[in-house]
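Secondary and tertiary structure notes
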Amino acid sequence: MATKFIVSRYNSETDAKPYFQDFFLDIPKGATLLDCLNLIKWQQDGTLTFRMSCRSAICGSCAMRVNGHARLACKTQAVDVVMDGAVKIEPLGNMKTIKDLAVDLEPFWASLEKIKPWLQPDEGEHYEKERLQSHDDQMKIDHASTCILCASCFSDCNALEVDSKFLGPATLAKGQRFVYDTRDAETESRLDYLSRLHGMWDCTHCAECSTRCPTDAKPLDRIKELRTAAMVHGFTNNNGARHVLGFRESVGGFKGIGGGGLLNENYLPVRSVGFNLDGIFSLIPVGFRMFIRRKNPSLIPHMIEKIGEVRKMFRRFDEYRKE
Ligand code: SF4
Ligand code: SF4
Ligand code: FES
């Protein structure tokens, strides 16, 4: 039986808005989604527009939304995405559509360019020969190096949907690749930039990027590594880093004081914005709304049973970090 391909169509020069067009095709055995789109284009409608190049999941051109989520069409077996006899195909999200399934990738490239995605060696050094990396050093950047710049993560990132200035998952993964590269001399300036507003701390941990990523780049894991590097290098003067420190202090205690084993929801927001008047004033509206709806947390911090076990765990972790 023929499968229904529900394809988003749009021509930015002539159409007011996108619309769906149905195509019917018998999926040949072993055909990828890209193979099917090519058959539709060659046999049914030559004007259907989409990007492709390698057909081997290497170039990153054929990313599109399939049944609502970004995927590489050439890496997707068509039969695997058919639901109730149909498959819905749309352009990537978080970018404007130019024609049918082809989007304007400019915001994706612009974000990437901001972090200077190339190796910046020490200008004062004279390197006589190629600098080889040890196996262990290469492993630190191996995952991020597999990124094929397909923009699937950029398309499905929830944080980007509400903040178009957010650097986005691929850019942050690329940032990790250079921060952890032992040949790069700009670790500090890179971490400084990546720690700012719209950077690594604005990720909401939804994990869509890693779920959609067709390679081992898995941006959310790289973002976590970036955050670790930022904390270790002392880039803690921002809401995100303070939030992490506040969480740790609230649950595990700080220099032997506090730490009831549970999150102190009165302490955490104040610690996150920093102990300053502007920050504290910015919390008043939400605090007031919580108070009206009786959702404000108790002013007396909770203390769990066996708090000693929690503190022991944190002490062990601190010792481990020192080692
Ligand atoms: S985990 Fe962070 S970067 Fe990844 S998609 Fe979600 S918000 Fe975006
Ligand atoms: S990180 Fe993954 S999903 Fe994002 S651009 Fe690179 S390969 Fe594509
Ligand atoms: S055509 Fe190159 S990744 Fe699909």
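Here the structure is a predicted model, which is why all the values come from computation and not from measurement.

Rules and cut-offs
Residues numbered from 1 in each chain as written. Chains lettered and ligands numbered in written order. Predicted model: local features only at pLDDT ≥ 70, side-chain atom pairs only at ≥ 80, totals over all residues. Heavy atoms only, no water. Patch = residues over 30% accessible without salt bridge, like charges linked within 9 Å, V, L, I, M, F, W, Y side chains within 5 Å. Areas by Shrake-Rupley, 256 points an atom, 1.4 Å probe, with all protein chains shown as cover. Salt bridge = Lys/Arg side-chain N within 4 Å of Asp/Glu carboxyl O. Helix = DSSP H or I, 4+ residues; strand = E, 2+ residues; numbered from the N terminus. Buried < 20%, exposed > 50% of the residue type's maximum accessible area, 1.4 Å probe, protein only. Near = heavy atom within 4 Å. Nonpolar A, V, L, I, M, F, W, Y, C, P; charged D, E, K, R; others polar. Pairing = 2+ DSSP bridges. Domains from an automatic or database assignment. Phe/Tyr/Trp six-rings, centres within 6.5 Å; stacked < 30°, edge-to-face > 60°. Lys NZ or Arg CZ within 6 Å of the ring centre and 35° of its normal.

The grouping of Leu277, Phe281 and Ile284 at the surface amounts to a nonpolar patch, some 330 Å² of accessible area in total. Mapping Ile284 onto the fold places it in helix α12 (residues 277–292). Judged by its relative accessible area of 44%, Ile284 is partly exposed.

Here we take up the site of ligand 2. For ligand 2, the set of nearby residues contains 13 residues, the closest of which are Cys147, Cys150, Ala151, Cys153 and Cys213. When the residues that make up the shell around ligand 2 are grouped by side-chain class, the tally is eleven nonpolar, two polar and no charged.

What follows deals with the site of ligand 1. Close to ligand 1 lie 13 residues; Cys157, Cys203, Cys206, Ala207 and Cys209 are nearest. Mapped by element, the contributors of at least two residues to the shell around ligand 1 are α8 (208–212) and α9 (219–232).

This next bit is on the pairing of strand β5 (residues 86–90). Note that strand β1 (residues 3–9) and β5 share four bridges and pair parallel. Bridge pairing in β5 links Val7 to Ile89. Relative to β5, strand β3 (residues 63–66) runs antiparallel, the two sharing two bridges. Within β5, the residue paired with Arg65 across the bridge is Glu90.

The next point concerns the domain arrangement of the protein chain. Taken as a whole, the protein chain is organised into domain 1 (3–103), domain 2 (106–232) and domain 3 (239–322). Of note, the centres of domain 2 and domain 3, computed from C-alpha atoms alone, are 29 Å apart.

Mapped onto the fold, Pro285 is located in helix α12. The sequence separation of Pro285 and Arg316 amounts to 31 residues, and the corresponding C-alpha distance is 39 Å.

What follows is about the packing of aromatic side chains. Under the counting rule described, the total for this entry stands at two aromatic pairs. Consider the rings of Phe108 and Phe154, whose centres lie 5.5 Å apart with planes at 80°: the pair is edge-to-face. Of this pair, Phe108 sits in helix α2 (residues 106–114) while Phe154 sits in helix α4 (residues 152–156), placing them 46 residues apart in sequence. You can call Phe108 buried: its relative accessible area is 1%. Here Arg177 stacks its cationic end above the ring of Phe178, 4.3 Å away from the centre of that ring.

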